[in-house]
Amino acid sequence: MALPRAYVALALATTVDAFGKKKKELIVEEVVEEVTTSPIIYLVIALLSAGLLYNFFVVAKEKVEVILVGCGVPKRGMGWYHAKQLIEKRCPSGKLVAVVEPYFLGPGAGTPPGKEFKAWSDDVTASHGVEFSAEVPQAPVGKPRLAIISGRTGDNPRLLREVIEKGCSHVFLEKPGAPTVAELEGMAAFAKSKGVGVFMGYNKNVTKYVRLARAKEAELAGATTTFCANNAYKSTELDECFERNAEGMLKNMAVHELALLVSFYGVSVDTIQSVEADKAFSKCEKRGKFTDFSKIGFTIKTKAGKSVTVRADRCGGSFNEAVVTSPGGPSFTFKTPDEELGGQVKAMEQSEPGLMPYFYLQDEDYMTLKETCCAHIASGASGMPAGIATIEIAIDTLKVAEYLTPLLQKACGISK
Ligand SMILES: NC(=O)c1ccc[n+]([C@@H]2O[C@H](COP(=O)([O-])OP(=O)(O)OC[C@H]3O[C@@H](n4cnc5c(N)ncnc54)[C@H](O)[C@@H]3O)[C@@H](O)[C@H]2O)c1
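First, a word on what this report is: a plain description of the structure on this page. Computed from a predicted structure; not experimentally measured. Here the residue index of a chain counts from 1 through its sequence in written order. The predicted nature of this model means local features are confined to residues of pLDDT at least 70 and side-chain atom pairs, given and counted, to a pLDDT of 80 or more, with totals for whole chains, interfaces and linings taken over all residues.

Overview of the site of the ligand
Right, so step 1: Whether a residue is near a molecule or strand depends on its C-beta atom, placed from the backbone, lying within 6 Å of it. Neighbouring the ligand are 24 residues; Gly-70, Gly-72, Met-78, Tyr-103 and Glu-174 lie closest to it.
Right, so step 2: At the level of elements, helix H4 (78-87) and helix H12 (357-378) are the ones that each hand at least two residues to the shell around the ligand.
Right, so step 3: Note on residue categories: nonpolar means Ala, Val, Leu, Ile, Met, Phe, Trp, Tyr, Cys or Pro, charged means Asp, Glu, Lys or Arg, and polar means any other residue, Gly included. Considering only residue class, the shell around the ligand consists of six nonpolar, twelve polar and six charged.
Right, so step 4: Domain limits in this description derive from either an automatic procedure or a database domain assignment. Mapped onto the domain boundaries, the shell around the ligand takes at least three residues apiece from domain 2 (63-200) and domain 3 (205-361 + 392-411). Helix and strand labels come from DSSP, where a helix needs a run of H or I of at least four residues and a strand needs a run of E of at least two; each type is numbered from the N terminus.

Quick look at helix H11 (residues 339-351)
Right, so step 1: Expected helix span is given by 1.5 Å per residue-to-residue step, counting one fewer step than there are residues. With 13 residues, H11 extends 19 Å between its outermost C-alpha atoms, agreeing within 8% with the 18 Å of an ideal straight helix rising 1.5 Å per residue.
Right, so step 2: Counted residue by residue, H11 has zero buried out of 13 residues, so it is predominantly exposed. Buried residues are those with 20 or more other C-beta atoms within 10 Å of their own C-beta, exposed residues have 12 or fewer, and partly exposed residues lie in between; C-beta atoms are placed from the backbone.

Notes on the nonpolar core
Generally speaking, nonpolar side chains in soluble globular proteins are found buried as a group.
Right, so step 1: Val-66, Val-69, Leu-146, Ile-149, Val-163, Val-171 and Ala-254 are the most contacted members of the largest nonpolar core, which has 82 residues in total.
Right, so step 2: Ranked by residue count, the leading element in this core is helix H13 (residues 391-411), at eight residues.
Right, so step 3: When residues of this core are assigned to domains, at least three map to each of domain 2 (63-200) and domain 3 (205-361 + 392-411).
Right, so step 4: In this description, any two residues whose backbone-derived C-beta atoms lie within 7 Å of each other are considered to be in contact. When neighbours within four sequence positions are excluded, Ile-149 is seen to be in contact with Val-69, Gly-70, Asn-156, Leu-159, Leu-160, Val-163, Val-171, Phe-172, Leu-173 and Glu-174. Take the buried Ala, Val, Leu, Ile, Met, Phe, Trp, Tyr and Cys residues, join any whose C-beta atoms are within 7 Å, and the set you get is a nonpolar core.

Looking at the pairing of strand E13 (residues 331-336)
Right, so step 1: Strands were regarded as paired on the criterion that DSSP finds at least two bridges between them. One ladder, built from six bridges, connects strand E12 (residues 320-325) with E13; its direction is antiparallel. The residue bridging Val-324 from the neighbouring strand is Phe-332, located in E13.
Right, so step 2: Linking E12 to E13, which pair antiparallel, is a turn of five residues; within it Gly-328 sits at a positive phi near 70 degrees.

Describing the environment of Met-200
Right, so step 1: Mapping Met-200 onto the fold places it in strand E6 (residues 197-200).
Right, so step 2: With 27 C-beta atoms packed within 10 Å, Met-200 lands in the buried category.
Right, so step 3: With 25 residues separating them along the chain, Met-200 and Lys-175 place their C-alpha atoms 6.4 Å apart.
Right, so step 4: Not counting residues up to four positions away in its chain, the partners in contact with Met-200 are Leu-173, Lys-175, Gly-177, Ile-388, Ala-389, Thr-390, Ile-391, Ile-393 and Ala-394.

A few points about the pairing of strand E4 (residues 145-149)
Right, so step 1: Of all five residues that make up E4, five are buried, and the element is covered over most of its length.
Right, so step 2: In E4, alternate side chains face the same way, and those of Arg-145, Ala-147 and Ile-149 on one face and Leu-146 and Ile-148 on the other are all buried.
Right, so step 3: Here five bridges tie strand E1 (residues 64-69) to E4, and the two strands are oriented parallel to one another. Paired with Val-69 across the bridge in E4 is Ile-149.
Right, so step 4: One ladder, built from four bridges, connects E4 with strand E5 (residues 170-173); its direction is parallel. Note that in E5 the partner of Leu-146 across the bridge is His-170.
Right, so step 5: The β-α-β motif built from E4, the intervening helix H6 (residues 156-165) and the parallel element E5 has right-handed crossover chirality. Here a crossover is taken to be right-handed if, once the strands point away from the viewer, the path from the first strand over the helix to the second is traced clockwise.

Details of unusual backbone geometry
Right, so step 1: Across the junction of Lys-175 and Pro-176, the peptide omega takes the value -5 degrees, indicating a cis bond.
Right, so step 2: Mapped onto the fold, Pro-176 is located in the loop between E5 and helix H7 (181-193).
Right, so step 3: The linkage connecting Thr-336 with the following residue, Pro-337, adopts the cis geometry, with an omega of 5 degrees.
Right, so step 4: One can find Pro-337 in the loop between E13 and H11.
Right, so step 5: Backbone geometry at Lys-75 places phi at a positive 80 degrees, although glycine is not the residue there.
Right, so step 6: Look at Lys-89: it is not a glycine, yet its phi comes out positive at around 60 degrees.
Right, so step 7: Following the sequence through the fold, Lys-89 ends up in the loop between H4 and strand E2 (94-100).
Right, so step 8: Note on Lys-89: 12 C-beta atoms within 10 Å, which makes it exposed.

Some remarks on the sheet that holds strand E14 (residues 389-390)
Across a sheet, paired strands are connected by hydrogen bonds in the backbone, their directions being either parallel or antiparallel.
Right, so step 1: Overall, mixed pairing links the seven strands, which are arranged E3-E2-E1-E4-E5-E6-E14 in an open sheet. The sheet terminates laterally at strand E3 (131-133) and E14, the two strands that pair on one side only.
Right, so step 2: Here E6 runs beside E14; their pairing, made up of two bridges, is antiparallel. Considered in E14, the bridge of Met-200 is made with Ala-389.
Right, so step 3: Every axis in this analysis is a line fitted to C-alpha atoms, fitted for helices over the stretch in contact. Angles between the N-to-C directions lie between 0 and 180 degrees. Sheet contacts for H4: E1, E2 and E4; angle to E2, the most-contacted strand, approximately 140 degrees.

Below, the structure is given as structure tokens:
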């Protein structure tokens, strides 16, 4: 009696994933041949069906509960975008169960953005059963729960303590994590004392153009890289930008590049040999109560002889690039969006206009980070998943930011 080959192949393919691609193909081929002609066929059918049912009804249900703390308003808040990706089921291993919004469900409820937030939250509760509150809810006992923290940087130290005290087992903390090194060190110690793993939201550590640039630099002896980071604010939007990102250019925007330098270029306060400010490129502005760089450029040389350059521009446009230059040779530019991503960005802008430009540009990276963390938690693994920056990396990154800020202000003739 011949069992339909397609059925056997499908069932096997879903149950022997653990063996890897090559081995899996062999197993599938051999077993299909065997069971389509063998009398043990009924036993095999029963086993395979059980495997299929397990995959569809048990594995598929094991999603990690996620709460989002510090949502912000629709279309602008980083937390809102994390919530949107989860609600749209774009992170298969995570399920958004609650949103905590301390300001727009608290003192800011009566403001126009507060009303906009309320309308959105009512809709999400009705359509997806997500609970909204101004305070962190208690987590169920004995179950993993990930808290994504994306409040304003100054609020994040308090929010991290609250989610851990309310029983969350893991934290995904938006960069830079805290306004100061001292606060971030305190948060790391507290999380460690409670056995809570902290994943940092440094999305450029996983992004494609950085991966490609690092691979090219590794191929070329003596090559150096310039990381060019841009935001797309108009000059008229900088007052709001400086206020919302009050920790400043180096701890907020260029901190992504500093994290790359710490993660991949051996940069730390102890290893820096010299820093050269790009005075022609850099620009400092006073906006309302805040004085900050709207553009900053500098080159760091390490004691190990590595040289790397960063240029960050709040008003540079909606793209980022890394330029790899070999001594006396050509330069190679790796840009995001590339042609493929450019098409996706355009399509997203058309289908949902008016979002913060970096949401379109970094959409896939945000998803990759969250899914990597949720899948890691769901697997029961300890430690950190590959590619995710640790809180120790974030501390070293913030130390570099604190070291560079006065040095670059002085070099650019700024007295604060
Ligand atoms: N990884 C990235 O690419 C990326 C991009 C943007 C922001 N971020 C990070 O995400 C976090 C949140 O940034 P954001 O731009 O969404 O901030 P945001 O100010 O828009 O929102 C964060 C929170 O601030 C509070 N808030 C908003 N307006 C307020 C007001 N007027 N007074 C008091 N509180 C107010 C709200 O509770 C809100 O949830 C920061 O840590 C930031 O560094 C990361």
